[in-house]
Amino acid sequence: MSGIFAKPNRNRPEPLWHQAEQAMRTLISSGEWATGAQIPNEERLCDLLGVSRITVRHALRNLEDSGLLSREHGRGTFVRSPTVIAGVRGLTSFTQEMANLGLNLGTRLLDARIIAADAQVAGALEIEEGTPVLQLRRLRLGNDQPIGIQTAHLPAARVPGLLETAASVSSLYETLKASYGIVPQEAREIYRIGEVKPEDAELIQLKAGSSAFMVERIAFDRSGPFEFTVSTMRGDRYEIRSVLHL
């Protein structure tokens, strides 16, 4: 097992807790610690990594905050299913959120077409109803596990040619920046609890009618709103966390 990760080394400039955290992330991403498996206790981790219990606890706390581990009182610590944590973050794409968590992103294009904006889409994008918009419907996965379905709408006039290349797009925001000069500056999101639609159930491996997060995002660049996305996210793999201040 020791050959899978770099063992913490006091001669390296990074703090030991950070090195220990990265070592455990490697064990998770490599599959050595599989989803749902119980990881070694703190004493064994100290021996495995060659660091103190305080260092191990610091690393474990960070991994738990990242959604990679779950501590269960009286049982131990377990590897969680891929989880995206929303809330305390900047304006990032789904791709970047996945990278921040050390998860392997998967994207499957379900549908791409030009449609006429209905009242909801037109209102969100501040365009006339009936204006052509590009609709991208994609299944998003983390470590090969379905996390959600996202349906993005973009004014077709701002993204000429994107329909033809949609199947090769992994990060929409990176593509928009590189090919169209669209750089997100602000986004507004609304979270609701809703039910999984029958046409989405098999794709995200839930029963139709199951509860899920319904997320609406309107993203803006310097020219105004450029994206309206509606997402259905699995509640067991997508969390919202907030930090409150007086």
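An account of the accompanying structure is given in this report.

Scoring rules and cut-offs
Residues numbered from 1 in each chain as written. Predicted model: local features only at pLDDT ≥ 70, side-chain atom pairs only at ≥ 80, totals over all residues. Heavy atoms only, no water. Pairing = 2+ DSSP bridges. Helix = DSSP H or I, 4+ residues; strand = E, 2+ residues; numbered from the N terminus. Axes fitted to C-alpha atoms, helices over the stretch in contact; angles between N-to-C directions. Contact = heavy atoms within 4.5 Å. Polar contact = N/O pair within 3.5 Å; in protein donor to acceptor, adjacent residues only side chain to side chain. Parallel < 35°, antiparallel > 145°, perpendicular 65-115°, else oblique. Salt bridge = Lys/Arg side-chain N within 4 Å of Asp/Glu carboxyl O. Buried < 20%, exposed > 50% of the residue type's maximum accessible area, 1.4 Å probe, protein only.

Within the open sheet, the six strands sit side by side as 4-5-6-9-8-7. Their pairing is antiparallel. Each end of this open sheet is capped by a strand with a single partner; those strands are strand 4 (105–116) and strand 7 (186–195). Between one strand axis and the next, the sheet turns through 15 degrees on average, direction left out of account. Sheet topology note: the strand 7/strand 8 (residues 211–221) ladder contains 10 bridges and is antiparallel. Paired with A187 across the bridge in strand 8 is A219. Relative to strand 9 (residues 224–234), helix 7 (residues 172–180) is tilted by about 160 degrees, and along the sheet it contacts strand 5 (132–142), strand 6 (145–155), strand 8 and strand 9.

Now for the side chain of R234. Looking at the secondary structure, you find R234 in strand 9. At 2.8 Å, the side chain of R234 and the backbone oxygen of I204 are in polar contact. In contact with R234, not counting residues within four places along its chain, are P146, I147, I204, Q205 and L206.

In this section: the packing of helix 1 (residues 16–29) against helix 2 (residues 42–49). Running from amino to carboxyl end, helix 1 crosses helix 2 at an angle of 100 degrees, the nearest separation of the two axes being 11 Å. Looking at the two axes, helix 1 sits roughly perpendicular to helix 2. Taken together, the residues of helix 2 that come into contact with helix 1 (itself represented by A20, A23, M24 and L27) are L45, L48 and L49.

What follows deals with the pattern of salt bridges. Applying the stated criterion across every chain yields a total of 12 salt bridges. Here E42 and R53 are joined by a salt bridge, their closest N and O atoms 3.7 Å apart. One end of the pair, E42, is in helix 2; the other, R53, is in helix 3 (residues 53–65), and 11 residues separate them in sequence. A salt bridge links E186 to R188, with the shortest nitrogen-to-oxygen separation between them at 3.4 Å.

Taking burial as the measure, the 11 residues of strand 9 include 10 buried ones, the bulk of the element. Relative to strand 9, strand 6 runs antiparallel, the two sharing six bridges. Within strand 9, the residue paired with T151 across the bridge is V230. Here strand 8 runs beside strand 9; their pairing, made up of 10 bridges, is antiparallel. Paired with V215 across the strands is S231, a residue of strand 9. Between strand 8 and strand 9, which follow one another and run antiparallel, lie two residues.

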